[in-house]
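Here is what each chain is made of, one letter per residue.
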Amino acid sequence: MLGRVLLVLGAVALLHAAFSTYEHLSYLKALGRLEESVPNDVGFEALFGLFLGILGASLDTPALKEITWASEMKKRSINEMDSRLGFADWGNRGSSLLGESYGKSQ
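In this text the structure is predicted, and so the values were computed from the model without any measurement.

(A) Examining the UniProt feature "signal peptide" (unreviewed entry) in the protein more closely. In the numbering used here, UniProt assigns the "signal peptide" (unreviewed entry) feature to residues 1–17. In residues 1–17, helix accounts for 94% and strand for 0%; the two terminal C-alpha atoms are 24 Å from one another.

This is the structure in structure tokens:
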């Protein structure tokens, strides 16, 4: 629950920093002073929002699953894992060995 709250707060802080940047730049444009930069507090707010978002996303992730062969075999049987249907070949060499008429109805 804490992770989602931090993630939402981080997103809101980033959106607010973006809106503050837009407002400041439009204010500078109205005054005709385009060479000035964005204030430091807006940059710090953006970095803080990014930090909150990363922390919230890290805390909100589910637990890692074990991916070893032993953990996979706890869920499956050997017959499921060793059936080797991928190696099944349903074609045969009957026509090349016994002639073209092999397998055709007579």
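Next comes the rest of the write-up.
(B) How the structure looks around the pattern of salt bridges. Using the criterion set out here, one finds 2 salt bridges in the structure. Arg4 is the salt-bridge partner of Asp60, the closest N and O atoms lying 3.4 Å from each other. Residue Asp60 is located in helix H2 (residues 40–60), and its partner Arg4 is located in helix H1 (residues 2–31); the two are separated by 56 residues in the primary sequence. With relative accessibility at 31%, the residue Asp60 sits in the partly exposed group.

(C) Spotlight on H2. Over its 21 residues, H2 runs 30 Å from end to end, which matches the ideal 30 Å to within 8%, given 1.5 Å per residue. Among the residues of H2, those classed as buried are Val42, Gly49, Leu52, Gly53 and Gly56. All buried residues of H2 fall inside an arc of 100° around its axis, so they share one side. The exposed set on the far side of H2, more than 90 degrees from its buried face, consists of Asn40, Phe44, Leu47, Phe51 and Ile54. Against H1 lie the buried residues of H2.

(D) Structural view of the UniProt feature "transmembrane region" (unreviewed entry) in the protein. Per the UniProt entry, the sites bearing "transmembrane region" (unreviewed entry) are residues 44–64 in this numbering. End C-alpha atoms of residues 44–64 are separated by 33 Å, and the span's content is 81% helix alongside 0% strand.

Parameters at a glance
- Residues numbered from 1 in each chain as written.
- Predicted model: local features only at pLDDT ≥ 70, side-chain atom pairs only at ≥ 80, totals over all residues.
- Heavy atoms only, no water.
- UniProt positions renumbered as here; feature names shortened; annotations may be inferred.
- Helix = DSSP H or I, 4+ residues; strand = E, 2+ residues; numbered from the N terminus.
- Salt bridge = Lys/Arg side-chain N within 4 Å of Asp/Glu carboxyl O.
- Buried < 20%, exposed > 50% of the residue type's maximum accessible area, 1.4 Å probe, protein only.
- Expected span 1.5 Å × (residues − 1).
- Arc of directions from axis to C-beta.
- Contact = heavy atoms within 4.5 Å.

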